[in-house]
Each structure stands twice: as C-alpha cells, then as structure tokens.
Amino acid sequence: MAMLNFQTIPISVAPRVVQRNIEINEVTALLAQCGVGKTTVGHALKKNPDIHYVLDFNGQTRETFDIQGIPHTIKDADGGLVTDWAVMEEFKKIVRLAKEGKRSAIIIDEFTNCNEVMLGSLQRLILEKMAGSLDLKVNGIEPAIVVCGNRPEDNSNYNEVPLAFWDRVRPF
C-alpha cells in the first residue's frame, strides 16, 4: 500500500493527533495491526466535550443498505427534501445538532475490510460529508471523522483502497 502522506506515530500520541485534526477539519485515518488500540482512540471522542454525538459503526459488518438502502425522497420536519436511507435518523441527528451549533463525530471501524460497494459509499461519506443526498455540513459545522483500519500486511481481509482516498485524509 503506497501512501504518499503516511506518518508513523505511537498509539499513545494518537488521541492528541485526532484532536488536532478535528480542530482543523481533517479526517484522521488510523491504520495498524489488530489489537493496537485504534478503535479505543476513536471511542475517546465520546469524552470530548466539544463532541455532542458519536455515530460509531463497523464498516465490515454492515451492509451498504445500512447507510444507503433503497432511496426515497421525503420531506423532513424542516420542510427540506432529503433522501431517506436505512439508518438516516443517525445522520439526521448529526444535522440537527449542527443546526444547534453542536458538533458530532463519526467513527468508521474496519474501513479497510469493507466490500467494494460499502467502501465506495463510505468514501463519499468520509470525503464529501454526504449520507445519501443529506449534506452533513451545516452552517460551517461538519462532523469530525475518524477512520480505523488494518494494514494489508496484517489482515487477509484487507481490500485495496484507492490512493486518491489516502491523499485526501491524514493517515497514521
């Protein structure tokens, strides 16, 4: 896996790096062997007083329909048209909190083990902050995102992630 902007850091430093990246609206990707503590670092966001909601899911065990599903356009409580998906309530909560000036976070675990369809959907969520047709960026507030995954040399389930993705996030 060639990553032009890959940096190696000790796991003990990772929480500070994640916090710094949140402050500058950068997506943090933590890549390491199984059991190092990547997911634990992501879960530490739940203790961050600036983060009011954490959406946490494992991309490997979810199916694409969990974040996309069969789309249909609905009118939400604010009168806006949105595409409704299987778990859209989680994403709508992120938008509602942003309208109140509160920031949320999304932790995506096992990103590198997702199937190709899920990987494509998650890349749109991660890079564009879009869930279906719902824009998660509201009034300049966007969710903080931490991506956790394994390295190809550590996991036989690893699926190749396009280099263009790694160039748009901060992998450690």
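Going by the structure above, here's the rest.
Source: prediction; values computed, not measured. (Residues numbered from 1 in each chain as written. Predicted model: local features only at pLDDT ≥ 70, side-chain atom pairs only at ≥ 80, totals over all residues. Heavy atoms only, no water.)

K.L.:
I'd love a proper account of the overall build of the protein, names of residues and values included.
P.N.:
Scanning the protein for helices and strands turns up five helices and nine strands. Here the protein, with 172 residues, has 49% of them falling under the buried criterion. Summarising the internal contacts of the protein: among those between residues at least 6 apart in sequence, 73% fall at separations of at least 24. Summed over its atoms, the accessible surface of the protein is roughly 8500 Å², and 50% of this surface lies on carbon and sulfur atoms. (Helix = DSSP H or I, 4+ residues; strand = E, 2+ residues; numbered from the N terminus. Buried < 20%, exposed > 50% of the residue type's maximum accessible area, 1.4 Å probe, protein only. Contact = heavy atoms within 4.5 Å. Areas by Shrake-Rupley, 256 points an atom, 1.4 Å probe, with all protein chains shown as cover.)

K.L.:
Which residues make up the sheet that holds strand β2 (residues 51-58), and what are the values?
P.N.:
Reading across the sheet, the five strands line up as β2-β5-β8-β1-β9 and stay open at both edges, with parallel pairing between neighbours. In this open sheet, the two strands that pair with only one neighbour each are β2 and β9 (170-171). Where strand β1 (residues 28-31) meets β9, two bridges bridge the pair, whose relative direction is parallel. In the sheet register, Thr-28 faces β9, and the bridge partner there is Arg-170. The strands touched by helix α1 (residues 14-23) are β1, β5 (103-109), β8 (144-149) and β9; relative to β1, the strand with the most contacts, the crossing angle is about 160 degrees. (Pairing = 2+ DSSP bridges. Axes fitted to C-alpha atoms, helices over the stretch in contact; angles between N-to-C directions.)

K.L.:
Before we move on, could you go through unusual backbone geometry and cite the residues and values that matter?
P.N.:
A positive phi is found at Asn-25, a non-glycine position, where the angle reads about 55 degrees. Mapped onto the elements, Asn-25 comes out in the loop between α1 and β1. Assessed through its relative accessible area of 37%, Asn-25 is described here as partly exposed. In the Ramachandran plot, Lys-129 falls in the positive-phi region, its phi being about 55 degrees despite a non-glycine side chain. Looking at the secondary structure, you find Lys-129 in the loop between α4 (116-128) and β6 (130-131). Since its relative accessible area comes to 6%, Lys-129 is described here as buried.

K.L.:
Any details on the pairing of β5? Residues and values, ideally.
P.N.:
The buried fraction of β5 is high, at seven of seven residues. Along β5, one buried face is formed by Arg-103, Ala-105, Ile-107 and Asp-109 and the opposite face, lined by Ser-104, Ile-106 and Ile-108, is buried too. Here seven bridges tie β2 to β5, and the two strands are oriented parallel to one another. Residue pairing across strands places Phe-57 opposite Ile-108, the latter belonging to β5.

K.L.:
Before we move on, can you summarise the pairing of β1 with the specific residues and values?
P.N.:
Taking every second residue as pointing to the same face, both faces of β1 are buried, with Thr-28 and Leu-30 on one and Ala-29 and Leu-31 on the other. Pairing of β1 with β8 involves four bridges; the strand directions are parallel. Counted as the bridge partner of Leu-30 is Cys-148 from β8.

K.L.:
Please set out helix α3 (residues 88-99) residue by residue, giving values where relevant.
P.N.:
For α3, spanning 12 residues, the distance from its first C-alpha to its last is 16 Å, which sits close to the expected 16 Å at 1.5 Å a residue. Among the residues of α3, those classed as buried are Met-88, Phe-91, Lys-92, Ile-94, Val-95, Leu-97 and Ala-98. Positive phi shows up at Gly-101, right after α3, with a value of about 85 degrees. (Expected span 1.5 Å × (residues − 1).)

K.L.:
Go over the packing of aromatic side chains, please, and point to the residues and values.
P.N.:
Using the criterion set out here, one finds three aromatic pairs in the structure. Ring plane angle 85 degrees and centroid distance 6.5 Å describe the contact between Phe-111 and Trp-166, whose orientation is recorded as edge-to-face. Taken together, the residues span a long stretch of sequence, with Phe-111 in the loop between β5 and α4 and Trp-166 in helix α5 (residues 163-166) at a distance of 55 residues. Residue Trp-166 is classed as buried on the basis of its relative accessible area of 0%. (Phe/Tyr/Trp six-rings, centres within 6.5 Å; stacked < 30°, edge-to-face > 60°.)

K.L.:
How would you sum up the pattern of salt bridges? Please name residues and give values.
P.N.:
One pass over the full model with this rule turns up four salt bridges. Lys-102 is the partner of Glu-100 in a salt bridge, and the nearest nitrogen-oxygen pair spans 3.5 Å. The exposure class of Lys-102 is partly exposed, given its relative accessible area of 30%. (Salt bridge = Lys/Arg side-chain N within 4 Å of Asp/Glu carboxyl O.)

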